[in-house]
Amino acid sequence: YRFFGEAVVEACVENGASCIDISGEPQFLEGMYLKYNEKAAEKGVYVIGSCGFDSIPADMGVLYTRDKLKGTLTGVESFLMVKSGPEGACIHDGTWKSAVYGLADQDNLKKLRKKIGYSPVPVVGAKLKRRGLVFYNQEFKQYSIPFMGSDVSVVKRSQRYLHRELQETPVQYGAYVNIGGLGSVIKLMFAGILFLLLVKFSFGRKLLIKYPEFFSAGRFTKKGPTQKQMDGTSFTMTFFGEGYSEGQDPQNGKPNVKICTEVKGPEPGYVATPIAMVQAGVSLLEDAACLPKRGGVYSPGAAFSKTKLIERLNKHGVEFSVISKPEV
C-alpha cells in the first residue's frame, strides 16, 4: 500500500466512490487520513482502511468486549494464537515487505503523526500496564510478545474518534501474540535481532526482500501458502477486559469487573481477511444509515461501531463470543 495504495484512494475520492482496503501499514493508513479526510467528507464518501485480519478482529473485538460488559470497560489486552496443521503455515512475502519498509521508515511515521496533531486519548480508570518484550503468560502457559502489526494504532484511532465524536468512554488497549515455549523465544529473539540490524541499511533491506524465506525461517515465502496449509490453519484472539461495574466511578479505585471474549476464525491472511473485507463492504452498502454522519477516512471501529458488521462476520465464519461473563 505504501507504494501502490494512494492512487486507488485518490481515484475513489475524486469520483465519489467509497473504498475499503486490507492495509496493515499505519503510515499509509494515517497518511490517507491526513491527505483525504476532508475531501472524502466533502464528497460524502467513506474510505475505510485495515478491513482485513489487520485490524477487524482487534478493532471490532474491543468494541464487542465493551458492549458485553455491564458497566464501563476501561482496558483490554488481546492475545493472538495461530494454530497450523501438519503442513505448517506460511505467509506471502508481501506482508514481509510491509514490515521491512515500515520498520525502516518509523521516523517518518512519527513526523506524520505530529502533522496530524492527534489529540491525546484520555486514560479512564486504572492505567493499563505495559508488558515486557517477552513474558510468560499464566493464562496460556506459554510465552508472549507484543504484536507488531497495526492493531494497536488502529484501535487507538477508533477509540479517539468514538470518544471525541460520540462521547464514549475510551478503552486502553494492548496487543500480544503467543509464541510457545522457551525454544521459540530463543529462535525468535535471534531472528528479531538480525532483522532489526539489517533493516537499518539499504543493503540489509535488499537482502531481507530478496531472501524472505531464509531470514524468516520459512515463515514468509514468495509463493505463499499451499491450499493444504490454509485448510489446516486457524486463529484465536482472546480479549481480557477490565472495568467498573454499573454505578462505580471509573475515576475512583481499582477496576472491579473482568470479562473474557474471543474472536476466532479460519486462516488469517487468505481466508479470514477476504471474509472480513467482503462483510465490511456489505455493511458499507447495507448499513448506510448506521455509518458516521459525515464521509471521511475512517478506521473500522469508527465506521462500523453502530452497524451489523459483527453479526455478519459471525454468520460467515469469523466468530465473536463471550468466554467468561463479567464477574464483580
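Residues numbered from 1 in each chain as written. Predicted model: local features only at pLDDT ≥ 70, side-chain atom pairs only at ≥ 80, totals over all residues. Heavy atoms only, no water.

- The protein appears in an unreviewed UniProt entry as SCPDL oxidoreductase from Rissa tridactyla.

### Let's talk about the side chain of Ser-50
Link 1 in the chain: Structurally, Ser-50 is set in the loop between β2 (46–48) and α3 (56–68).
Link 2 in the chain: Ser-50 gets classed as buried once you look at its relative accessible area, which sits at 0%.
Link 3 in the chain: Excluding residues that lie within four positions of it along the chain, Ser-50 makes contacts with Asp-21, Ile-22, Ser-23, Leu-29, Ser-55, Ile-56, Val-154 and Pro-300. (Helix = DSSP H or I, 4+ residues; strand = E, 2+ residues; numbered from the N terminus. Buried < 20%, exposed > 50% of the residue type's maximum accessible area, 1.4 Å probe, protein only. Contact = heavy atoms within 4.5 Å.)

### Some details on the pairing of strand β9 (residues 234–245)
Link 1 in the chain: Where strand β3 (residues 71–83) lies against β9, 12 bridges are found, and the strand directions are antiparallel. The residue of β9 that forms the bridge with Met-81 is Thr-236.
Link 2 in the chain: Strand direction decides the pairing type here: β9 and strand β10 (residues 257–266), joined by 10 bridges, are antiparallel. If you follow Phe-240 over to β10, its bridge partner there is Cys-260. (Pairing = 2+ DSSP bridges.)

### Here's the deal with the packing of helix α2 (residues 26–43) against helix α6 (residues 151–166)
Link 1 in the chain: The N-to-C vectors of α2 and α6 enclose an angle of 25°; their axes lie 10 Å apart at closest approach. Compared by their axis directions, α2 and α6 come out roughly parallel. Considering how the two elements wind past one another, α2 and α6 form a crossing that is left-handed. The residues of α6 that touch α2, namely those facing Pro-26, Leu-29, Glu-30 and Tyr-33, are Ser-153, Val-154 and Arg-157.
Link 2 in the chain: Grouping the amino acids of the contact of α2 with α6 by side-chain chemistry returns four nonpolar, one polar and two charged. (Axes fitted to C-alpha atoms, helices over the stretch in contact; angles between N-to-C directions. Parallel < 35°, antiparallel > 145°, perpendicular 65-115°, else oblique. Left-handed = near helix turned anticlockwise from the far one by under 90°. Nonpolar A, V, L, I, M, F, W, Y, C, P; charged D, E, K, R; others polar.)

### What about the layout of surface pockets?
Link 1 in the chain: For the second largest pocket, the calculated volume is near 510 Å³.
Link 2 in the chain: Put simply, the parts of the chain that give the lining of the second largest pocket at least two residues each are α2, α6, β11 (296–298) and α12 (300–304).
Link 3 in the chain: Looking at which element gives the most residues to the lining of the second largest pocket, the answer is α6, with six residues.
Link 4 in the chain: Partitioned by chemical class, the residues of the lining of the second largest pocket number 13 nonpolar, five polar and seven charged. (1 Å grid on protein atoms, 1.4 Å probe; cavity = no way out; pocket = protein on both sides within 12 Å on 5 of 7 lines; lining within 4 Å. Points joined across faces, edges and corners; volume = space filled by probe spheres on them.)

### Looking at the packing of aromatic side chains
Link 1 in the chain: A complete count under the given rule lists 17 aromatic pairs for this structure.
Link 2 in the chain: Centroid distance Phe-3 to Tyr-101: 5.0 Å. Interplanar angle 90°. Geometry classified as edge-to-face. In this pair, Phe-3 is assigned in the segment before α1 (6–14) and Tyr-101 in helix α4 (residues 93–104), connecting sequence segments 98 residues apart.
Link 3 in the chain: Aromatic side chains Tyr-161 and Tyr-298 sit 5.4 Å apart centroid to centroid with 90° between the ring planes, which places their arrangement in the edge-to-face category. One end of the pair, Tyr-161, is in helix α6; the other, Tyr-298, is in strand β11, and 137 residues separate them in sequence. For the pair shown, Tyr-161 and Tyr-298 are each scored as buried. (Phe/Tyr/Trp six-rings, centres within 6.5 Å; stacked < 30°, edge-to-face > 60°.)

### Section: the UniProt feature "transmembrane region" (unreviewed entry) in the protein
Link 1 in the chain: UniProt feature "transmembrane region" (unreviewed entry): in the numbering of this structure it lies at residues 173–199.
Link 2 in the chain: Helix makes up 63% of residues 173–199 and strand 30%. Its end C-alpha atoms lie 28 Å apart. (UniProt positions renumbered as here; feature names shortened; annotations may be inferred.)

### Quick word on the state of the cysteines
Link 1 in the chain: For the coordinates displayed, the defined rule picks out zero disulfides.
Link 2 in the chain: Unpaired in this structure, Cys-12 has its nearest cysteine sulfur neighbour in Cys-19, at a distance of 4.1 Å.
Link 3 in the chain: Judged by its relative accessible area of 15%, Cys-12 is buried. (Disulfide = S-S within 2.5 Å.)

### Description of α2
Link 1 in the chain: An ideal rise of 1.5 Å per residue puts 26 Å on 18 residues; α2 measures up with 24 Å between its terminal C-alpha atoms.
Link 2 in the chain: All of the buried residues in α2 are Gln-27, Phe-28, Leu-29, Glu-30, Gly-31, Met-32, Tyr-36, Asn-37, Ala-40 and Ala-41.
Link 3 in the chain: Where α2 is buried, its residues contact α1, β2, α5 (106–116), α6 and β11. (Expected span 1.5 Å × (residues − 1).)

### Concerning unusual backbone geometry
Link 1 in the chain: In this structure, Ser-55 follows Asp-54 across a cis peptide bond, with omega equal to 0°.
Link 2 in the chain: Here Ser-55 lies in the loop between β2 and α3.
Link 3 in the chain: With a phi angle near 50°, Ser-50 is a residue other than glycine that sits in the positive phi range.
Link 4 in the chain: We note that Ala-217 has phi near 55°; this positive angle belongs to a residue other than glycine.
Link 5 in the chain: Looking at the element boundaries, Ala-217 is found in the loop between α9 (212–215) and β8 (220–221).

### Points about empty space enclosed by the protein
Link 1 in the chain: Inspection of every chain in the model, using the stated rule, returns two cavities of 30 Å³ or more.
Link 2 in the chain: Taken as a whole, the largest cavity encloses approximately 40 Å³ of empty space.
Link 3 in the chain: Lining the largest cavity we find Val-9, Asp-21, Phe-28, Leu-29, Met-32, Val-47, Ile-48, Gly-49 and Val-297.
Link 4 in the chain: Elements that contribute at least two residues to the lining of the largest cavity include exactly α2 and β2.
Link 5 in the chain: Reported here for the second largest cavity is a volume of approximately 30 Å³.
Link 6 in the chain: If you go around the second largest cavity, the residues you meet are Gly-52, Phe-53, Ile-56, Pro-57, Ala-272, Thr-273, Ala-276 and Val-318.
Link 7 in the chain: When contributions to the lining of the second largest cavity are tallied by element, the ones reaching two or more residues are α3 and α11 (268–286).
Link 8 in the chain: Residue contributions to the lining of the second largest cavity peak at three residues, all from α11.

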